[in-house]
Amino acid sequence: MRLSRIIMALTVGLAVVAVPTAAGAAQPQPTPSATTDPPQPPPYAPQPPALTVNRPTIFLGETVILTGTGFGPNETVDHTVTFTPLGAPAAGKAPVRRSDGTTVAMAPVAYQASAPLQFTAFTDAQGHFTKSYKPSVTGLLTFTATGRESGRTATAQLRVLDKKQPLPVTGDSLGTPIKLGGGLVGAGAIMLLLTLAWRRRQRFGGAAH
């Protein structure tokens, strides 16, 4: 009899302990909200690649700055430079006719430039870079930049003219020197006449005495 009571008491105790545990397990668990952790922005904003020069036209011996944007972050950008002589006719144009009636075809000229025709630049974390370049020949320069890792490419053109020449002489510019020279010649002639008259007076005055 006593043993039955002990077993019953243990059974009731286990039932009391198990009920809260089962109730806690049956409660729904909160799900994480999708708005608690917003996605982080990328380290740089993707944009189309572009290559620009700070001056579209320069004289030989001057330096330009190339600026690249939209390339891959922290990558090497290869540059190639091609030259086209200024004044050369476009493809499909008729050849030049000489004074004797013969014609000659205009062909591109191969320049031997001391400035590099290939060079590299390095982008920052935003895919930007700047590079200085000093051409050593005249003509229309085309720069082509290509990222090694991203494969992105962009081009820019630069017109290089010959060194500054003195302004051409015109009729207006000749007017002032001619007028000045004429005035000096006239003043010299008057002084010469006065000198001759003075000497003549001195000569005849001395003879009279």
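Treat the numbers as computed from the prediction; the structure is a model and nothing was measured.

## Looking at a nonpolar patch on the surface
- Residues Leu192, Leu193 and Leu196 make up a contiguous nonpolar surface patch of roughly 320 Å² in combined accessible area.
- Considering the arrangement of structural elements, one finds Leu192 in helix H2 (residues 171-208).

## Examining the sheet that holds strand S4 (residues 76-84)
- The five strands lie next to each other as S2-S10-S9-S4-S7, forming an open sheet whose pairing is mixed. The sheet is open, and its two borders are formed by strand S2 (57-59) and strand S7 (118-122), each paired with just one other strand. The sheet shows a mean angle of 30 degrees between the axes of neighbouring strands, direction not considered.
- Two strands pair when backbone bridges link them, and strand S9 (residues 139-147) and strand S10 (residues 153-161) are joined in this way by eight bridges, in the antiparallel orientation. When the bridges of S10 are listed, Ala145 appears paired with Ala154.

## Some thoughts on the pattern of salt bridges
- According to the stated counting rule, one finds two salt bridges in the structure shown.
- When the shortest N-O distance is used, the salt bridge between Arg55 and Glu62 registers 3.0 Å.
- We classify Arg55 as partly exposed; its relative accessible area is 32%.
- The exposure class assigned to Glu62 is partly exposed, which follows from its relative accessible area of 23%.
- Where Asp78 meets Arg148, a salt bridge forms, and the shortest distance between an N and an O atom there is 2.9 Å. Pair noted here: Asp78 is in strand S4 and Arg148 is in the loop between S9 and S10, with a separation of 70 residues, a long-range link.

## Here we look at the packing of aromatic side chains
- For the structure on display, the rule yields three aromatic pairs.
- When the ring of Phe119 is compared with that of Tyr133, the centres are 5.4 Å apart and the planes differ by 25 degrees; the resulting orientation is stacked. With Phe119 in strand S7 and Tyr133 in strand S8 (residues 129-133), this pair connects stretches of sequence that are 14 residues apart. Neither Phe119 nor Tyr133 differs from the other in exposure class; each is buried.
- Here the aromatic rings of Tyr133 and Phe143 are separated by 5.2 Å at their centres, their planes lie at 85 degrees, and the arrangement is edge-to-face. Of the two residues, Tyr133 sits in strand S8 while Phe143 sits in strand S9, which places them ten residues apart along the sequence. Side by side, Tyr133 and Phe143 carry an identical accessibility label, which is buried.
- Every member of this aromatic cluster is reached through a ring pair, and the members are Phe119, Tyr133 and Phe143.

Conventions and cut-offs
Residues numbered from 1 in each chain as written. Predicted model: local features only at pLDDT ≥ 70, side-chain atom pairs only at ≥ 80, totals over all residues. Heavy atoms only, no water. Patch = residues over 30% accessible without salt bridge, like charges linked within 9 Å, V, L, I, M, F, W, Y side chains within 5 Å. Areas by Shrake-Rupley, 256 points an atom, 1.4 Å probe, with all protein chains shown as cover. Salt bridge = Lys/Arg side-chain N within 4 Å of Asp/Glu carboxyl O. Helix = DSSP H or I, 4+ residues; strand = E, 2+ residues; numbered from the N terminus. Pairing = 2+ DSSP bridges. Axes fitted to C-alpha atoms, helices over the stretch in contact; angles between N-to-C directions. Buried < 20%, exposed > 50% of the residue type's maximum accessible area, 1.4 Å probe, protein only. Phe/Tyr/Trp six-rings, centres within 6.5 Å; stacked < 30°, edge-to-face > 60°.

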